[in-house]
Amino acid sequence: NAGVTQTPKFQVLKTGQSMTLQCAQDMNHEYMSWYRQDPGMGLRLIHYSVGAGITDQGEVPNGYNVSRSTTEDFPLRLLSAAPSQTSVYFCASSYSPGFTEAFFGQGTRLTVV
Amino acid sequence: GQQLNQSPQSMFIQEGEDVSMNCTSSSIFNTWLWYKQDPGEGPVLLIALYKAGELTSNGRLTAQFGITRKDSFLNISASIPSDVGIYFCAGPKGSGNTGKLIFGQGTTLQVKP
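Values in this document were obtained by computation on a predicted structure and should not be read as measured data.

Cut-offs and rules
Residues numbered from 1 in each chain as written. Chains lettered and ligands numbered in written order. Predicted model: local features only at pLDDT ≥ 70, side-chain atom pairs only at ≥ 80, totals over all residues. Heavy atoms only, no water. Pairing = 2+ DSSP bridges. Helix = DSSP H or I, 4+ residues; strand = E, 2+ residues; numbered from the N terminus. Axes fitted to C-alpha atoms, helices over the stretch in contact; angles between N-to-C directions. Polar contact = N/O pair within 3.5 Å; in protein donor to acceptor, adjacent residues only side chain to side chain. Contact = heavy atoms within 4.5 Å. Buried < 20%, exposed > 50% of the residue type's maximum accessible area, 1.4 Å probe, protein only. Core = buried A, V, L, I, M, F, W, Y, C linked by side-chain atoms within 4.5 Å. pLDDT = per-residue confidence, 0-100. Phe/Tyr/Trp six-rings, centres within 6.5 Å; stacked < 30°, edge-to-face > 60°. Lys NZ or Arg CZ within 6 Å of the ring centre and 35° of its normal.

**A look at the sheet that holds strand β7 (residues 61-65) of chain B**
Residue and element names in this part refer to chain B.
- Taken together, the five strands give an open sheet; going across it, the order is β1-β3-β8-β7-β6, and neighbouring strands pair in antiparallel fashion. If you trace the sheet from one side to the other, it starts and ends with β1 (4-7) and β6 (55-58), each paired once. With direction set aside, neighbouring strand axes in the sheet form an average angle of 15 degrees.
- Here β1 pairs with strand β3 (residues 19-25) via four bridges, running antiparallel. Paired with Q6 across the two strands is C23, which belongs to β3.

**So, the side chain of A:E101**
- Along the chain, A:E101 turns up in the loop between β9 (87-94) and β10 (102-104).
- Here B:Y50 takes part through its side chain, which lies 2.4 Å from a polar atom of the side chain of A:E101.
- For A:E101, the contacting residues outside a window of four places in its chain are A:S93, A:S94, A:Y95, B:L33, B:Y35, B:L45, B:A48 and B:Y50.

**Comments concerning the environment of A:T15**
Residues and elements named next belong to chain A.
- Position of T15 relative to the elements: it lies in the loop between β2 (10-13) and β3 (19-25).
- According to the relative accessible area criterion, T15 is partly exposed, its value standing at 48%.
- With 98 residues separating them along the chain, T15 and V113 place their C-alpha atoms 5.8 Å apart.
- In this view, T15 contacts A81, P83, V112 and V113; residues no more than four positions away in its chain are not counted.
- A polar contact of 2.8 Å, which involves the side chain of T15, links it to the backbone oxygen of V113.

**Considering the nonpolar core**
- Formed by 22 residues in total, the largest nonpolar core has its most connected members in B:W34, B:L74 and B:L109.
- Every element with two or more residues in this core is listed here: β2 (10-14), β3, β4 (32-37), β5 (44-49), β7, β8 (71-76), β9 (85-92) and β11 (107-112) of chain B.
- Once you skip the residues sitting within four places of it in the chain, B:L74 turns out to touch B:V19, B:S20, B:M21, B:W34, B:L46, B:I47, B:L61, B:T62, B:A63 and B:Y87.
- Within the second largest apolar cluster, 19 residues are counted, among which are A:V4, A:M32, A:W34 and A:L110.

**Things to note about the confidence of the model for chain B**
- Overall, the predicted model of chain B reaches an average pLDDT of 93, with 96% of residues at or above 70.
- Element-level mean pLDDT values for chain B span from 90 in strand β10 (residues 101-103) of chain B up to 98 in β8(B).

**Considerations on the packing of aromatic side chains**
- This model, assessed by the stated rule, comprises eleven aromatic pairs over all chains.
- With a centroid separation of 5.7 Å and 50 degrees between ring planes, the pair formed by A:Y35 and A:F104 is classed as tilted. With A:Y35 in strand β4 (residues 31-37) and A:F104 in strand β10, this residue pair connects regions lying 69 residues apart in the sequence. Neither residue differs from the other here; A:Y35 and A:F104 are each classed as buried.
- Connected via pairs of aromatic rings, a cluster forms that spans A:Y35, A:F90, A:F104, B:Y35, B:F88 and B:F103.
- Directly above the aromatic system of A:F74 lies the positively charged group of A:R68, at a separation of 6.0 Å from the ring centroid.

Structure representation (structure tokens):
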């Protein structure tokens, strides 16, 4: 099993550029989430999805967009990159109701210059 | 709102020593999760706790779900160099099970051989 796969692993963007961070899972998990990790702040929830076609905002959604057209994929779009979005981004997936544990991808390290 | 506070923020110990860290919250949690993040990787689940007072072990790791449901503890016995990393506590964000997690700020562990 590949688990949760994120691409790319590294990315440098110029301010104002847009891009999509890809996330795919092969565990048939209903729940998927995006987090960002900044030094000393743990992981903060950006957006999440409880199933195909259903998404909602997390703690820090501004500047990001998501969609969930399939169970497997949950891409994160940066609409107009800003230096404040320099961070490490993690995608996670979880089983259906009854389980809380989330499984994480390896992360995408994004630098906005 | 919900918040998790971890302490200590960082630890530098000698190989073979035991380690203790904790996580506290101002609100009640029904589940406590402990993750470890190796440098350059995503968080990996170590232990999940579901019941107040529960004590669960995973090899040299032992975690406890506090009786008040507002805290949790993680102990590592006889530390080894590969224990190096960041340890996060986490719990379900909000009510219900939507796969959303809230994380503590992390405890960074360094082990001197």
